[in-house]
Protein chains: 2
Amino acid sequence: MIRIEIVTIGGEILSGRTSDTNFAFLARGLAAHGLACRWHTSVPDDRDALIESLEAALARADVVITTGGLGATPDDITRKSLATVLKRQLVLREDVLHAIEERFARMGRTVPANMQAQALIPLGAELIPNPVGVAPGLKIVAGDNHILFALPGVPYEMEAIAARSVLPMIASLDPETRLAERTLRTAGVSEMRLAEIVAPMVPREVGVAYLPHLGTVDLRFSLAGRPAEAQDALDRIVAPIRERIADAIYAEGTTDLQGALGNELVSRGWTMATAESLTGGRVGGRIVSVSGSSRYYLGGIVAYGNRAKVTLLGVPEAWIREHGAVSEPVARAMAHGARERLGAHVAISTTGVAGPTGGTEEKPVGLVWFGVETPTGSAAIRRQLPGDREQVIERTVLIACDLARRAICGFRIEERQA
Amino acid sequence: MIRIEIVTIGGEILSGRTSDTNFAFLARGLAAHGLACRWHTSVPDDRDALIESLEAALARADVVITTGGLGATPDDITRKSLATVLKRQLVLREDVLHAIEERFARMGRTVPANMQAQALIPLGAELIPNPVGVAPGLKIVAGDNHILFALPGVPYEMEAIAARSVLPMIASLDPETRLAERTLRTAGVSEMRLAEIVAPMVPREVGVAYLPHLGTVDLRFSLAGRPAEAQDALDRIVAPIRERIADAIYAEGTTDLQGALGNELVSRGWTMATAESLTGGRVGGRIVSVSGSSRYYLGGIVAYGNRAKVTLLGVPEAWIREHGAVSEPVARAMAHGARERLGAHVAISTTGVAGPTGGTEEKPVGLVWFGVETPTGSAAIRRQLPGDREQVIERTVLIACDLARRAICGFRIEERQA
């Protein structure tokens, strides 16, 4: 496989307050071409830091892609740093200058003095056309067959140059090797339990990543090889794994849990309602993230306080007094009330202690009861969830969606902790 | 300033499909301690790639923080790679093993064989307690005063260890230089308008970042210097800016919009309810992210379909027929219905076209009506929101929270588009 490094340049990324969309675009673009990014480095607008990163990148990677620092402002340092690292002079390229002048002339403006800096290019660099902006991309072959691509940092310019020119160029370097991928998305089974089942079923040459996210785990399998062969081989390896953990798999590829739930409802022509306490509306909020969810989601009742549970969902007040709001009978009554009041085929309910306060010895923080009612029956499950308030709530949302999916599909519901 | 590098380990980040929340948490945490991250590297679950990155990081940075690869699954490679790079043996730490066994014993389970790998630690490493999970963090002093911290990749474990131990340790290394920061959090005013007002009021030496996020904009001011002096100087500069844009500021520092809303409700002893259509419950779901929100949030009704608007919120069917579900009278009636049915002081409502389908010439995708009712009156506003389905829904949640805040505070509500 070609060893690829992406170096993103700019201060805001390193502050942690902005996500690195340029990197994400390039990484996804590489994956779409069956390639993988091996290293990603972010550096601030600082010449020394950039030079050190470029040296490290050119030492280890076959292909280096940089984004950012190609503009005309003082913090645009990529061209100078490249010249230093590659030990090449910067030359004023008349063709670039001319293109800049033409672009400004079309806008009826003269070229600002500092824009000339954009025409200073390391000797021997090949220009890559920028269809949507001033600064072209650069392609530089360095020493013993390392290739460096320098792209501007403005996302839509970077994306245009990368998609049109850079990604196809990289893909053509080694058309014989590709990374085939399959992703199985699971819910309700722990990462460790999945690893116990899956690891022995996977041959050495296949990569397996366990990607946990608050109660769901993606299993991503990858195999490098000749394009068609690798995919076929991978499919043969994944098939028995898929069968072995069938109940846990809610989707393959990029479909999410709420999308999978929606598909099950649509295929049966069923509608759905929600009755939420600790999640405050987030189960419904998750369901409506699916475009077209109005075909099956009717709505719900957020009964955060006990009074709302009684008046809006018809939970008997005595049950709350006897069993507490976080209890099996209340979870069941909430699902029943929502199903009846909304006139839906399926209803799901959540009631629990999100914390960090409000826990007791008998009902600790993280205790959640779920109820579900469908045309064929009802069930309730109890879970003791780890994490802080936000995590307890988010885990509850996922478990609720998965419980609804399992109940609709008629899978066995495990009443004990999974 | 201390030169800090963060190395995040795991295949999913490099695929571009997941944003690097561990990096973001650490970078923000460093900033909160007046420190800055100088390099950020992401590497896949690949031993060679990780070893090369660790070597580069230890060569250039004073402090290296790694996240990920400390678990018990086969793709967890950090401990072995550290041992290679630092040329140290892995030793089985009985104390770690014992802690793991105790943890499993408390859950009534025996330790799986592969968990023992978590007790293999490079010789000389100091353990950093993990208050919420099994794998401890590691602190290793390497050669000439480079310090390496290895943290687990599971976000809430990483965050707990970093916040409690690692960030304070790093901050104590050089207490004489700090970056003073102030953040004003605003809603309802565009980034461009804020820049027009703020930029002329800020002296050259102060950094200003405009950090927009779906309808809210954080203004971050920063100034480097000796700890107390820099903070005093910055406070003097920010004071008049604060006054100039007072209505738009919902909070300072890290308090979020729902927290600010909660504070206004608590200070008045008021309660709140929600009536949601296109947001599907996310306004309530946002409100309950605040610990203690049960003091003021009673609950709400998610009326996604029109029938639920009529039966559960008492919206007159004729109004939906005449004006459509996305209209001022329906938004007002929804807020009124929720306020009455939940018995709350304040109610907020949302109804709109989230898209991508369902738009018409008269009611295009992105059109949203909001209603609010308080003990002192009611209002409705109309907004035409940009972005895809997810962005329209999320912008709606923020605007709803800000509208409730402004109505409670008695600020003037601008009926026209801001």
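Please refer to the structure placed before this passage.
Parameters and conventions
Numbers given for residues are sequential positions, taken from 1 along each chain in its written order. Here chains are named by letter from A upward and ligands by number from 1 upward, in the order in which they appear as written. Local features are withheld for residues below a pLDDT of 70 in this predicted model, meaning they are given only at 70 or higher, and side-chain atom pairs are given and counted only at 80 or more; totals for whole chains, interfaces and linings count all residues. With hydrogens and water set aside, each side-chain value is computed from the structure's full complement of heavy atoms. Helix numbering and strand numbering both begin at the N terminus, where a helix is a DSSP run of H or I of at least 4 residues and a strand a DSSP run of E of at least 2. Throughout, the radius of gyration refers to the C-alpha atoms, and the reference size of a globule is 2.2 Å times the residue count to the power 0.38. Exposure categories follow from relative accessible area, calculated using a 1.4 Å probe and restricted to protein chains: below 20% of the type maximum is buried, above 50% is exposed, and the middle band is partly exposed. It only takes one pair of heavy atoms within 4.5 Å for two residues to be counted as in contact. We call two strands paired when DSSP finds no fewer than two bridges between them. Here the arc refers to the directions that run from the helix axis out to each C-beta atom. Values labelled buried area give the accessible surface lost by two parts on being combined, using a 1.4 Å probe and summing over both. When a carboxyl oxygen of Asp or Glu is within 4 Å of a side-chain nitrogen of Lys or Arg, the pair counts as a salt bridge. Two N or O atoms count as a polar contact when they lie within 3.5 Å, although within protein this holds only if one can serve as hydrogen donor and the other as acceptor, and sequence-adjacent residues are included solely when both atoms are side-chain atoms. The angle between two axes is taken between their N-to-C directions and runs from 0 to 180 degrees, where each axis is a line fitted to C-alpha atoms and a helix contributes only its stretch in contact. For Phe, Tyr and Trp, where Trp contributes only its six-membered ring, two rings pair if their centres lie within 6.5 Å, and the inter-plane angle classes them as stacked under 30 degrees, edge-to-face over 60, or tilted in between. Think of it as a cone above the ring: NZ of Lys or CZ of Arg counts as a charge over the ring if it is within 6 Å of the ring centre and within 35 degrees of the ring normal. An angle below 35 degrees is read as roughly parallel, one above 145 as roughly antiparallel, one from 65 to 115 as roughly perpendicular, and any other as oblique. Take the far helix as your reference; a near helix turned counterclockwise from it by less than a right angle gives a left-handed crossing, and one turned clockwise gives a right-handed crossing. Under the convention adopted here, Pro, Cys and the residues Ala, Val, Leu, Ile, Met, Phe, Trp and Tyr are nonpolar, Asp, Glu, Lys and Arg are charged, and Gly plus all remaining residues are polar. For each structure, a 1 Å grid was placed over the protein atoms alone; sets of points admitting a 1.4 Å probe that cannot get out are labelled cavities, open sets with protein on both sides within 12 Å along at least five of seven lines are labelled pockets, and lining residues have an atom within 4 Å of a point. Grid points are joined across faces, edges and corners, and a volume is the space filled by probe spheres set on the points.

A.B. asks: Go over the overall build of chain A with me, naming the residues and quoting the values.
C.D. replies: Counting its regular elements, chain A contains 14 helices and 17 strands. The C-alpha atoms of chain A give a radius of gyration of 28 Å, which is well past the 22 Å a tight globule of 418 residues would have. Based on the C-alpha atoms only, the size of chain A along its principal axes is roughly 85 × 50 × 40 Å. Looking at the 418 residues of chain A, the share that counts as buried comes to 56%. Within chain A, residue pairs in contact and separated by at least 24 positions form 67% of the contacts whose partners lie at least 6 positions apart.

A.B. asks: Can you tell me about the pairing of strand β2 (residues 37-43) of chain A, naming the residues and giving the values?
C.D. replies: Within β2(A), seven of the seven residues are buried, leaving the element largely enclosed by the surrounding structure. Strand direction decides the pairing type here: β2(A) and strand β2 (residues 37-43) of chain B, joined by three bridges, are antiparallel. Considered in β2(B), the bridge of T41(A) is made with T41(B).

A.B. asks: Kindly report on helix α7 (residues 191-198) of chain B, identifying the contributing residues and their values.
C.D. replies: Residues and elements named next belong to chain B. For α7, the complete set of buried residues consists of L194, I197 and V198. On an axial view of α7, the arc spanned by its buried residues comes to 85 degrees, and they lie on one face. When the buried face of α7 is taken as reference, the exposed residues oriented beyond 90 degrees from it are M192 and E196. Structurally, α7 contributes buried residues whose contacts are with β9 (178-187), β10 (207-213), β11 (216-225) and α8 (227-244).

A.B. asks: So what about the interface of chain A and chain B? Which residues, and what values?
C.D. replies: Of the residues lining the interface, 75 residues belong to chain A; the matching set on chain B comes to 73 residues. Interface area for chain A against chain B, summed over the two sides, is near 5,300 Å², with a carbon-plus-sulfur share of 52%. Considering only the side of chain A, the residues that lose the most area to chain B are R17(A), R38(A) and Y304(A), jointly responsible for 12% of the buried surface there. Counting the contacts that link chain A with chain B gives four salt bridges. Its salt-bridge partner being D46(A), residue R38(B) comes within 3.2 Å of it at the nearest N-O pair. Where chain A meets chain B, there are 25 residue pairs in polar contact (both at pLDDT 80 or more).

A.B. asks: I'd like a rundown of the sheet that holds β11(B), residues and numbers included.
C.D. replies: All names here are of chain B. If you trace the four strands from one edge of the open sheet to the other, you get β10-β11-β9-β12, paired in antiparallel fashion. Only two strands of the sheet have a single neighbouring strand rather than two, namely β10 and β12 (249-252). Across this sheet, the average inter-strand angle for adjacent strands is 20 degrees, counted without regard to direction. In the sheet, β9 pairs with β11 via ten bridges, with the strands oriented antiparallel.

A.B. asks: Tell me what's going on with the packing of aromatic side chains, and back it up with residues and numbers.
C.D. replies: For the structure shown, the criterion picks out two aromatic pairs over all chains. The interplanar angle of 50 degrees and the centroid separation of 5.5 Å between the aromatic rings of Y297(A) and Y304(B) together place this pair among those described as tilted. With Y297(A) in strand β14 (residues 297-303) and Y304(B) in the loop between β14 (297-303) and α11 (306-313), the pair connects residues from two separate chains. Residue Y297(A) is classed as buried on the basis of its relative accessible area of 1%. On the basis of relative accessible area, Y304(B) is assigned to the buried category, the value being 13%. In this arrangement the basic side chain of R268(A) is found over the ring face of W270(A), its NZ or CZ atom lying 6.0 Å from the centre.

A.B. asks: Describe the sheet that holds strand β17 (residues 377-384) of chain B, naming the residues involved and giving the relevant values.
C.D. replies: A sheet is described by the order of its strands in space; here ten strands give the open sequence β17(A)-β16(A)-β15(A)-β13(A)-β14(A)-β14(B)-β13(B)-β15(B)-β16(B)-β17(B), paired in mixed fashion. One side of each edge strand has no neighbouring strand; the edge strands of this open sheet are β17 (377-384) of chain A together with β17 of chain B. Here the strands of the sheet are splayed against their neighbours by 10 degrees on average, with no regard to which way each runs. Sheet analysis places strand β13 (residues 272-276) of chain B next to β14(B), joined by five bridges and oriented parallel. Bridged to A275(B) within β14(B) is I301(B). Running over the sheet, helix α11 (residues 306-313) of chain A touches β13 (272-276), β14 and β15 (346-352) of chain A together with β14 of chain B and is turned about 140 degrees from β14(A).

A.B. asks: Give a detailed account of the side chain of R79(B), specifying residues and quantitative values.
C.D. replies: Tracing the backbone through its elements, the reader meets R79(B) in helix α4 (residues 78-86). Leave out the neighbours within four places in its chain, and R79(B) touches G69(B), L70(B), G71(B), L90(B), A117(B), Q118(B), L120(B), I121(B), P122(B) and L138(B).

A.B. asks: Go over helix α7 (residues 191-198) of chain A, please, and point to the residues and values.
C.D. replies: Where α7(A) is concerned, the buried positions are L194(A), A195(A), I197(A) and V198(A). In this structure, the buried residues of α7(A) make contact with β9 (178-187), β10 (207-213), β11 (216-225) and α8 (227-244) of chain A.

A.B. asks: Report on unusual backbone geometry, specifying residues and quantitative values.
C.D. replies: The omega torsion across G355(A) and P356(A) is 0 degrees, close enough to zero to call that bond cis. Here P356(A) shows up in the loop between β15 and β16 (367-374). Even without glycine at this site, L214(A) takes up a positive phi of about 45 degrees. Counting through the fold element by element, L214(A) comes out in the loop between β10 and β11. In this model, K87(B) sits at a positive phi of 55 degrees, which is unusual for a non-glycine residue. Examined against the element boundaries, K87(B) turns out to sit in the loop between α4 and β4 (90-92).

A.B. asks: Tell me about the packing of helix α3 (residues 47-60) of chain B against α4(B), and please be specific about residues and values.
C.D. replies: All names here are of chain B. Interhelical geometry of α3 versus α4 gives an angle of 50 degrees and a closest axis separation of 9 Å. One way to sum up the angle between α3 and α4 is to call them oblique. Pair α3 / α4 crosses with right-handed handedness. Within the contact between the two elements, α3 uses R47, L50, I51, L54, E55 and L58 and α4 uses T78, K80, S81, L82, T84, V85 and L86. By residue class, the composition of the contact of α3 with α4 is seven nonpolar, three polar and three charged.

A.B. asks: A description of the pairing of strand β1 (residues 4-9) of chain A should follow, citing residues and the corresponding values.
C.D. replies: Residue and element names in this part refer to chain A. The element β1 is largely enclosed, with a buried count of six among its six residues. Of the two faces of β1, the one lined by I4, I6 and T8 and the one lined by E5, V7 and I9 are each fully buried. Of the pairings in the sheet, the one linking β1 to strand β3 (residues 63-67) comprises five bridges and is parallel in character. In the strand pairing of β3, E5 is matched with V64. As paired strands, β1 and β2 are joined by six bridges and run parallel to one another.

A.B. asks: Can you lay out empty space enclosed by the protein for me, pointing to particular residues and giving the numbers?
C.D. replies: Residues and elements named next belong to chain B. Tallied over the entire structure, the rule returns one cavity of 30 Å³ or more. Of the volumes computed, that of the largest cavity is approximately 30 Å³. L70, R79, Q118, I121, P136 and L138 together form the lining of the largest cavity.

A.B. asks: Just give me the short version of the side chain of T274(B), but keep the residues and values in it.
C.D. replies: All names here are of chain B. Within the secondary structure, T274 is located in strand β13. Residue T274 is classed as buried on the basis of its relative accessible area, which comes to 1%. Within the structure, T274 has its side chain in polar contact with the side chain of Y297 (distance 2.7 Å). In this view, T274 contacts V283, G284, I287, Y297, G299, G300, I301, A338 and I348; residues no more than four positions away in its chain are not counted.

A.B. asks: Tell me about the environment of S222(B), residues and numbers included.
C.D. replies: All names here are of chain B. Structurally, S222 can be placed in strand β11. Remark: the alpha-carbon pair of S222 and N145, spanning 77 residues in sequence, is separated by 29 Å. What S222 contacts, discounting residues up to four positions off in sequence, is L179, A180, E181, E205, V206, G207 and L234.

A.B. asks: Summarise the environment of R405(A); cite the residues concerned and give the values.
C.D. replies: Residue and element names in this part refer to chain A. Tracing the backbone through its elements, the reader meets R405 in helix α14 (residues 389-409). The exposure class assigned to R405 is buried, which follows from its relative accessible area of 3%. Residues R405 and G11, spaced 394 residues apart in sequence, show a C-alpha to C-alpha distance of 44 Å. Ignoring anything within four residues of it in the chain, the contact list for R405 reads D247, A248, I249, Y250, L257, L261, E264 and F411.

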